[in-house]
Every structure is written in C-alpha cells, then in structure tokens.
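Here's the letter readout for the chains.
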Amino acid sequence: MSSIAQRPRVAPSDGEAILNALPNPVLLVAPDGRIVDANIAAESFFEMSKQFLQREPLKQLIPFGSPLLALIDQVRESGAPVNEFKVDLGTPRIGRDRQVDLHVAPLTERPAHVVVMIQKRTIADKMDRQLTHRSAARSVIALAAMLAHEIKNPLSGIRGAAQLLEQGATPDDRMLTRLICDEADRIVTLVDRMEVFGDERPMRWGPVNIHAVLDHVKRLAQSGFARKVRFIEDYDPSLPPVLADRDQLVQIFLNLVKNAAEAVSDLGEEGEIQFTTAFRPGLHLSLPGKKARVSLPLEFCVKDNGPGVAEDLLPNLFDPFVTTKQTGSGLGLALVAKIVGDHGGIVECESQPRKTTFRILLPMFDSSPVDQLGNDVTASGMSSRAARHPV
C-alpha cells in the first residue's frame, strides 16, 4: 500500500478547522450563485456572518458587473482553475478600498460548485505607499533646509524694515506695515514647521508602552481641541512594548487625533474617536541595507466617525502640502509618515463615510543589544517575560 493510501482521512470537522485557519477568505458558490459555505476570514471580509452570507447570492455582495462572476462561469465551463489579479471588490458596505487577487477553482466532488479564494492586496499596497511616503519625506527634508537658509534671513530684514516704517506712518499706513509683519511671521511659522522634517537628532530608542502614550494623548486632546469628543478604547492588554522614541510617538498620535477631532467637529456630541491596539503576526518588511526582514506585529489604529476622506485624495494623503483644510499646510500627515518610516513601520488610511481608520504597524521591542532596526538599545535587566508585556 502506498504512503498516500496509508494517511488517515481528514474528518469533516478537521477540514472545517483547516478552512477557518486560513487567513484568506474562501467561498463555496453553488450553481445558482448562492454561497454554500464560507470560512471565518470571509465573514470578516464581507462583515457578515456565515448564516447571512448563505442567504445572499454572491452578486449581491460584490460590485455590479464584477469580473468575479465571469470567472466563475469560465471555471464551470472549462473545469479548470483560473486566476485574476487586481480586482476591485469594494462596495459602500464593506469599504471601497478592497483590491484583491482572485483564485477560482472547480470542486470536483460537487458538480458545478466553485471555490473562490480572495487574497487581499493590502500588504503589497502598504509597502508601495510606504516607499512613496519615505521618498516624499526626503524631498521635504531637502526643501526645509533650503527654506530655512534662503527665506528666514531675508524675512527678518523685511519685518525689521516694516517695524521701522510703522513708527512714523499714518494710521492707514500702519495697517499695511502690520500686514507685512503678520505675513512675515506666518511664513516663518510655516518654515519652522517644515524644519521638523530636517531634524536629524538621534532618537531615544527604548521599550514604550503604547497604551500609556495613547492615554497621554487622550488627556491632552480632551483638555483642548477634542473637549466635546467621545473617546472609545479597545486595547489588547497583553501587547508587548513597541521599539520607539516615546516623544515622537506622542507627536504621531497627537497629529492623527487632531485630524480626527476636526473631522467630527460638525457632529457635536455624536463625534467619536476610537483607539484600538492589536497583535498581528505575519507581516514582515524588508529594509534597505538590512539582511533580516523586520516583523511588524503591533497594530495601532485611530478611527473616527466623520465624513471620511475624498477617494481621489487617499493615494496622496501622506504627501507634503496635500490638504482639504482652508487653513491647513498639508504637513501634519507627511510628518506622521516620516516619523513612522524612521521607526521602520507602515502607516495607511482606509476611509468611507462615518468610518475612517488610520492604521500604524510597528516593530515590537527586542531585548537584544542590537534591535531589529540595527540600532543599539539598552535593555539591561529586562527579562523575556517583560518583553512580552507592557512596562
């Protein structure tokens, strides 16, 4: 008897457990187009339980005219599996940013039944966007250095001359000299904000309790710009420390919370900002000059129920000078992208009306003398157990 014949048969319950263990959504579609079975990942993807999925034909869950329906028909006719890449399955219900790869195959044991596996492209897109953000940040660093030297010095002379003219000017002329001074101050403030991008001081690396950072940011927000906003916290209490500069993490989340507070300002007491933290193993990022890939298992999200970000703005949201605010400079999110990139992480935004999420993925603290990013850190006296829990 062959080795294959000697293997024990997999019980149906084991098969279901294996299906649910897969990270990719899997559907079994009947000849009439209805969903016969689905795994847990499919329930999460469509934001619907298996019982509800089985009540709906597949065409009701995907965009009108989606190529997925044609792929299923093709598989039924040919009896051979097919693949299709970069297919948009986004809908208003589950979100518009749902570009996926599709793998469709016949189920020989059940005629005319088709298995559909959905592979989300989010991870690859995160990598592409992060590289773009880092390139944009480097451009802003060079621009900031040039502006600091070429603009601030002449502005000081212009402002000084306007103040001298103001001493002997008429009331009407004083209005003009005051306008010159105010505009000079405004430009200096803008240049000062851009100089943050050129800050090359070494970061103070160490283990940081992200929940302490978020609590600090919440208190700052509630005492000022987010006084009327309701905060919701959904934390993983067993989350390990993050390898970071604490002050810069505060800067990241302050910028994100300020944006969220402005987005929900018109909602009054219905405005909500939610903090979530989670451990997401399995994502690794290759960094230039590093042989080993960096694991990014720590996920931190800032969510709000505002009107959302315009769809055409999302691809360039973290680029410098991109903003929809009348008085905004478009540097806040660009600074967030730079700091996250300096920490070896990824930042992304998913948005639809009443549900906007800024998601940050970062490495966790490594107690070895040289951490995952190649930086020397001290963790004397920190046990392996302490490295897995907040400090």
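Per an unreviewed UniProt entry, the protein goes by the name histidine kinase and belongs to Nitrobacter vulgaris. Under the Catalytic activity (unreviewed entry) heading, UniProt states for the protein: "ATP + protein L-histidine = ADP + protein N-phospho-L-histidine."

A. Local environment of the sheet that holds strand β4 (residues 99-106). Spatial ordering of the open sheet is given by β2-β1-β5-β4-β3, a layout of five strands whose pairing is antiparallel. Two strands in the sheet have a free side with no partner beyond their single neighbour: β2 (35-38) and β3 (82-88). Across this sheet, the average inter-strand angle for adjacent strands is 25 degrees, counted without regard to direction. Direction of pairing for β4 relative to strand β5 (residues 114-120): antiparallel, over a ladder of seven bridges. Paired with His-103 across the strands is Met-117, a residue of β5.

B. Examining the pattern of salt bridges more closely. Summed over all chains, the structure comprises 14 salt bridges. Of the charged contacts, one joins Lys-50 and Asp-37 as a salt bridge, the two residues approaching to 3.3 Å between their closest N and O atoms. Of this pair, Lys-50 sits in helix α4 (residues 50-53) while Asp-37 sits in strand β2; the two residues are 13 residues apart in sequence, bridging distant segments of the chain. For Asp-37, a relative accessible area of 28% gives the class partly exposed. Each of the salt bridges in this network shares a partner with another, and the network as a whole consists of Glu-299, Glu-348, Glu-350 and Arg-359.

C. Layout of the packing of aromatic side chains. Applying the stated criterion across every chain, the model contains three aromatic pairs. Judged by centre distance (5.8 Å) and plane angle (55 degrees), the rings of Phe-231 and Phe-275 are tilted. Remark: Phe-275 occurs in strand β9 (residues 272-279) and Phe-231 occurs in strand β7 (residues 230-234); sequence separation between them is 44 residues. The burial state of Phe-231 is the same as that of Phe-275; both residues are buried.

D. Seen up close, the pairing of strand β1 (residues 26-29). Neither face of β1 is open: one carries Val-26 and Leu-28, the other Leu-27 and Val-29, and all of them are buried. Taken together, the four bridges between β1 and β5 define a ladder with antiparallel strand orientation. Each residue of the ladder has a partner; that of Leu-27, found in β5, is Val-116. In terms of strand pairing, β1 meets β2 through three bridges, oriented antiparallel. Its bridge partner being in β2, Leu-27 is matched across the sheet by Ala-38. A loop of five residues connects β1 with β2, the two strands running antiparallel in sequence, and Gly-33 in this loop sits at a positive phi of about 90 degrees.

E. Focus on helix α9 (residues 210-222). For α9, built from 13 residues, the straight-helix expectation of 18 Å at 1.5 Å per residue is met to within 8% by its first-to-last C-alpha distance of 18 Å. Buried within α9 are the following residues: Ile-210, His-211, Val-213, Leu-214, Val-217, Lys-218 and Ala-221. Across the axial projection of α9, the buried residues extend over an arc of 155 degrees, all falling on one side. On its buried side, α9 packs onto β6 (206-208), β7, α10 (246-263), β9 and β12 (298-304). Backbone nitrogen of His-211 and a side-chain oxygen of the N-cap are separated by 3.0 Å at the start of α9; the cap is Asn-209.

F. View of the pairing of strand β14 (residues 355-362). Within β14, seven of the eight residues are buried, which leaves the element mostly enclosed by the surrounding structure. Where β12 lies against β14, seven bridges are found, and the strand directions are antiparallel. Looking across to β14, one finds that Cys-301 is bridged to Arg-359. Summarising the sheet, strand β13 (residues 346-352) and β14 pair through seven bridges and their orientation is antiparallel. By the bridge assignment for β14, Gln-352 is matched with Lys-355.

G. Main features of helix α5 (residues 67-78). If you check α5, its first and last C-alpha atoms are 16 Å apart, about what 12 residues at 1.5 Å a residue would give, namely 16 Å. Looking at the buried side of α5, the elements it contacts are β1, β3, β4 and β5. Looking one or two residues past α5, Gly-79 carries a phi angle of roughly 70 degrees, positive in sign.

H. Quick peek at the environment of Arg-227. Tracing the chain through its elements places Arg-227 in the loop between α9 and β7. Distance from Arg-227 to Ala-261, taken between C-alpha atoms, is 9.2 Å for residues 34 residues apart in sequence. Not counting the four nearest positions on each side in its chain, Arg-227 is found in contact with Ala-221 and Gln-222.

I. Spatial organisation of the nonpolar core. With 41 residues, the main nonpolar core has Leu-249, Ile-252, Phe-253, Leu-256 and Ile-273 as its most contacted residues. For this core, the secondary-structure elements that each account for two or more residues are α9, β8 (242-244), α10, β9, β12, α11 (332-342), β13 and β14. No other element matches the eight residues that α10 contributes to this core. Aside from chain neighbours lying at most four places away, what touches Phe-253 is Ile-210, Val-213, Leu-214, Val-217, Phe-300, Val-302 and Ile-360. In terms of nonpolar packing, the next biggest core, distinct from the first, is built from 25 residues, Val-29, Leu-58, Leu-61 and Leu-89 among them.

J. Region of the structure containing the side chain of Asn-39. Within the element layout of this structure, Asn-39 appears in the loop between β2 and α3 (40-46). When neighbours within four sequence positions are excluded, Asn-39 is seen to be in contact with Leu-19, Asn-20, Leu-22, Asn-24, Pro-25 and Val-26.

K. Seen up close, the packing of α9 against α10. Contact geometry for α9 and α10: axes closest at 9 Å, N-to-C directions at 50 degrees. Accordingly, the angle class assigned to the pair α9 and α10 is oblique. Handedness of the crossing formed by α9 with α10: right-handed. Here Ile-210, Ala-212, Val-213, Leu-214, His-216, Val-217, Leu-220 and Ala-221 of α9 lie close against α10, whose contacting residues are Arg-246, Leu-249, Val-250, Phe-253, Leu-254 and Val-257. For the contact of α9 with α10, the per-class residue count stands at 12 nonpolar, one polar and one charged.

Conventions adopted
- Residues numbered from 1 in each chain as written.
- Predicted model: local features only at pLDDT ≥ 70, side-chain atom pairs only at ≥ 80, totals over all residues.
- Heavy atoms only, no water.
- UniProt positions renumbered as here; feature names shortened; annotations may be inferred.
- Pairing = 2+ DSSP bridges.
- Helix = DSSP H or I, 4+ residues; strand = E, 2+ residues; numbered from the N terminus.
- Axes fitted to C-alpha atoms, helices over the stretch in contact; angles between N-to-C directions.
- Salt bridge = Lys/Arg side-chain N within 4 Å of Asp/Glu carboxyl O.
- Buried < 20%, exposed > 50% of the residue type's maximum accessible area, 1.4 Å probe, protein only.
- Phe/Tyr/Trp six-rings, centres within 6.5 Å; stacked < 30°, edge-to-face > 60°.
- Expected span 1.5 Å × (residues − 1).
- Arc of directions from axis to C-beta.
- Contact = heavy atoms within 4.5 Å.
- Polar contact = N/O pair within 3.5 Å; in protein donor to acceptor, adjacent residues only side chain to side chain.
- Core = buried A, V, L, I, M, F, W, Y, C linked by side-chain atoms within 4.5 Å.
- Parallel < 35°, antiparallel > 145°, perpendicular 65-115°, else oblique.
- Left-handed = near helix turned anticlockwise from the far one by under 90°.
- Nonpolar A, V, L, I, M, F, W, Y, C, P; charged D, E, K, R; others polar.

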